[in-house]
Amino acid sequence: PPPPPPPPPYSAMASLRDLCAEFLCSQDGTIFDEQALSSRQVPAACAAQLAQFATMRGERNAAALVLLLRTHPGLLSQLGRIDLSMCATPAVLAALADSQTVEAPVTVQLDFTGADELTDDTLRALLCHDRVKALRIGSLVLKGCTAVTDSSLFHIGHLEETLTDLDVSNCPLLTDAALCRAAQSCTNLVSLNIKNTLASDNTVAAVLECCPRLQNLVLTGVLVSNEPFMHLKPGNQLRVLIWKRNIDAVCLPLSDATLQRIAQNCPHLQQLVCVGSDAVTEAPLTALAKGCPDL
């Protein structure tokens, strides 16, 4: 028999009605007027809650999110930050770009965790699209995107003012070439995870030198030595440092001298994980206790 016809496109109104129905189930006492919905109007007081709810429902409610953005000009100023990890469709990105204002820019999180089918061509096309360039992208998560190479990260330079969170953990094809450039361009980084990449001392040195606001650094499984940390500057903002060797013994153990340097220059440190540093003596641990009171 011939294959069944494809389902009709999921209209914006159908998406909005579905979203409202699901939202109502979680918000006792909230009532939407059916006539208002049929005229594509949602009470302003509920629009922001609906928009946040829509971002968690995936692409099925992307059309509803677009409708909310286009019918509520002040919506972005209420949201302040929006997570598009589950609904970064072209239509949503276009609506966001059109809704941006200088007075109330929204910070967007792009999360592609586990998208092992994500290619350089697709990611480059997205990051270089005019609509995306108009957005304030604060977080880019490529965790587990095993097909992504340096070529993609060469195109994030335009995020230099907005990007604060970069997670490229378990991207085994990324090297110093792209990661050093990312650190040198995106100097407002607060969090960086380069777990199980091909980074080395060069990347760590660039990050510590160029990113004065850095608070979280994850180096698990990275072939890095103690050398970059011997140049730590006083008063840096590091709060979390995770330095773990994997089963292949990649990532050299922390030395006493490095721990002393961290104790002297990381007063805000709250968490230090150095699994595999078995030869550490008591002296640097005492120094850490004195120099890092929040540890």
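Residues numbered from 1 in each chain as written. Predicted model: local features only at pLDDT ≥ 70, side-chain atom pairs only at ≥ 80, totals over all residues. Heavy atoms only, no water.

(A) Representation of the overall build of the protein in the model. A tally of helices and strands in the protein yields 13 helices and eight strands. Of all 295 residues assigned to the protein, the portion counted as buried reaches 46%. The long-range fraction of contacts in the protein, counting pairs at least 24 apart against all pairs at least 6 apart in sequence, stands at 74%. (Helix = DSSP H or I, 4+ residues; strand = E, 2+ residues; numbered from the N terminus. Buried < 20%, exposed > 50% of the residue type's maximum accessible area, 1.4 Å probe, protein only. Contact = heavy atoms within 4.5 Å.)

(B) A look at the packing of aromatic side chains. The tally for this structure, following the rule as stated, stands at one aromatic pair. When the centroid spacing of 5.1 Å and the interplanar angle of 50 degrees are considered together, the rings of F229 and W243 count as tilted. In this pair, F229 sits in the loop between β6 (216–218) and β7 (240–242) while W243 sits in the loop between β7 and α12 (256–265), placing the two residues 14 residues apart along the sequence. For the pair shown, F229 and W243 are each scored as buried. (Phe/Tyr/Trp six-rings, centres within 6.5 Å; stacked < 30°, edge-to-face > 60°.)

(C) Spotlight on the confidence of the model for the protein. In this model, the protein carries a mean pLDDT of 79, and residues with pLDDT of at least 70 account for 74%. Below a pLDDT of 50 lies the segment residues 25–39, which in the model reaches 22 contacts outside its immediate sequence neighbourhood of four places, other chains included. (pLDDT = per-residue confidence, 0-100.)

(D) View of the packing of helix α4 (residues 62–71) against helix α6 (residues 90–99). In the contact formed by α4 and α6, the axes pass within 9 Å of each other and the chain directions differ by 15 degrees. Considering the angle they form, α4 stands roughly parallel to α6. In terms of crossing hand, the pair formed by α4 and α6 is left-handed. Touching A62, L65, V66, L69 and R70 of α4 are A91, V92, A94, A95, L96, D98 and S99, all from α6. When grouped by side-chain class, the residues that make up the contact of α4 with α6 number nine nonpolar, one polar and two charged. (Axes fitted to C-alpha atoms, helices over the stretch in contact; angles between N-to-C directions. Parallel < 35°, antiparallel > 145°, perpendicular 65-115°, else oblique. Left-handed = near helix turned anticlockwise from the far one by under 90°. Nonpolar A, V, L, I, M, F, W, Y, C, P; charged D, E, K, R; others polar.)

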